[in-house]
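Chain by chain, the residues:
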Amino acid sequence: MDFPFVQKVFSEAETAKLADKLAEEIYQGEVVILNGNLGAGKTYFIRSLLRNFGIENVSSPTFAIVNEYNGKLKFYHFDFYRIKNSEELFNIGFNDYLNDTEAITLIEWGELLPEALPRKRLEIRINIIDDNCREFIFNEHV
Ligand SMILES: Nc1ncnc2c1ncn2[C@@H]1O[C@H](COP(=O)(O)OP(=O)(O)OP(=O)(O)O)[C@@H](O)[C@H]1O
Ligand SMILES: [Mg+2]
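Here's a quick rundown of the structure. (Residues numbered from 1 in each chain as written. Chains lettered and ligands numbered in written order. Predicted model: local features only at pLDDT ≥ 70, side-chain atom pairs only at ≥ 80, totals over all residues. Heavy atoms only, no water.)

1. A word on the site of ligand 1
Piece 1. The full set close to ligand 1 counts 17 residues, and Glu 12, Thr 15, Lys 42, Thr 43 and Tyr 44 are the nearest of them.
Piece 2. The separation between an oxygen atom of ligand 1 and a polar side-chain atom of Lys 42 is 2.7 Å.
Piece 3. In the model, an oxygen atom of ligand 1 is placed 3.1 Å from a nitrogen or oxygen of the Arg 134 side chain.
Piece 4. Calculation on ligand 1 without its partners gives an accessible area of 650 Å², and the protein chains cover 75% of this total.
Piece 5. Tallying contributions element by element places helix 2 (residues 42–51) first for the shell around ligand 1, with three residues. (Near = heavy atom within 4 Å. Polar contact = N/O pair within 3.5 Å; in protein donor to acceptor, adjacent residues only side chain to side chain. Areas by Shrake-Rupley, 256 points an atom, 1.4 Å probe, with all protein chains shown as cover. Helix = DSSP H or I, 4+ residues; strand = E, 2+ residues; numbered from the N terminus.)

2. Describing the environment of Ile 104
Piece 1. Here Ile 104 lies in strand 5 (residues 103–108).
Piece 2. On the basis of relative accessibility, which here comes to 0%, the residue Ile 104 falls in the buried class.
Piece 3. Along the sequence, Ile 104 and Phe 136 sit 32 residues apart, while their C-alpha atoms lie 20 Å from each other.
Piece 4. Filtering out sequence-adjacent residues up to four positions away, Ile 104 remains in contact with Ile 26, Tyr 27, Gln 28, Gly 29, Glu 30, Leu 73, Lys 74, Phe 75 and Tyr 76. (Buried < 20%, exposed > 50% of the residue type's maximum accessible area, 1.4 Å probe, protein only. Contact = heavy atoms within 4.5 Å.)

3. Description of the packing of helix 1 (residues 12–23) against helix 2
Piece 1. At their nearest, the axes of helix 1 and helix 2 sit 8 Å apart, and the two run at 55° to each other. Comparing the axis directions of helix 1 and helix 2 gives the class oblique. As helix 1 runs across helix 2, the sense of the crossing is right-handed. Contacts between helix 1 and helix 2 involve Glu 12, Ala 13, Thr 15, Ala 16, Leu 18, Ala 19, Asp 20, Leu 22 and Ala 23 from the former and Tyr 44, Phe 45, Ser 48 and Leu 49 from the latter.
Piece 2. Looking at the contact of helix 1 with helix 2 residue by residue, the class counts come to nine nonpolar, two polar and two charged. (Axes fitted to C-alpha atoms, helices over the stretch in contact; angles between N-to-C directions. Parallel < 35°, antiparallel > 145°, perpendicular 65-115°, else oblique. Left-handed = near helix turned anticlockwise from the far one by under 90°. Nonpolar A, V, L, I, M, F, W, Y, C, P; charged D, E, K, R; others polar.)

Shown next, in the form of structure tokens:
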């Protein structure tokens, strides 16, 4: 994948294929941000991505701030939608999650707390085009 990477998909199956493509080039220690409106497909994309690592039953963290999954690799899954401020994050040791070089950290709605994001990250924006069509934009911040 060369960045910025832009692709339109026309079905959930195509979104899953795109997630499979990212799975081939994602590494321990990376942080991936997913931005896009309600129902854009952030959770869907993460669920498809994690299937590549033998992880099922992915759902957004609601009561807990973070979900942890262990498969072929370890993942932390955050959703900033219900988090009020970065203090709330730092109180649960957000930086320790980010600094875990063995895990990959995935953050839905990362743009809501930009000050909490690490400089080095992969950002994925999902734009809703219509019912089944989505535009994905992948950008690397180094
Ligand atoms: N091409 C597509 N890719 C992904 N999801 C799609 C696609 N077309 C339709 N959908 C539907 O869009 C919805 C995406 O929901 P999902 O929970 O993944 O969104 P989200 O971005 O995580 O929303 P939220 O901000 O509420 O967390 C699902 O109902 C899914 O079936
Ligand atoms: Mg979601």
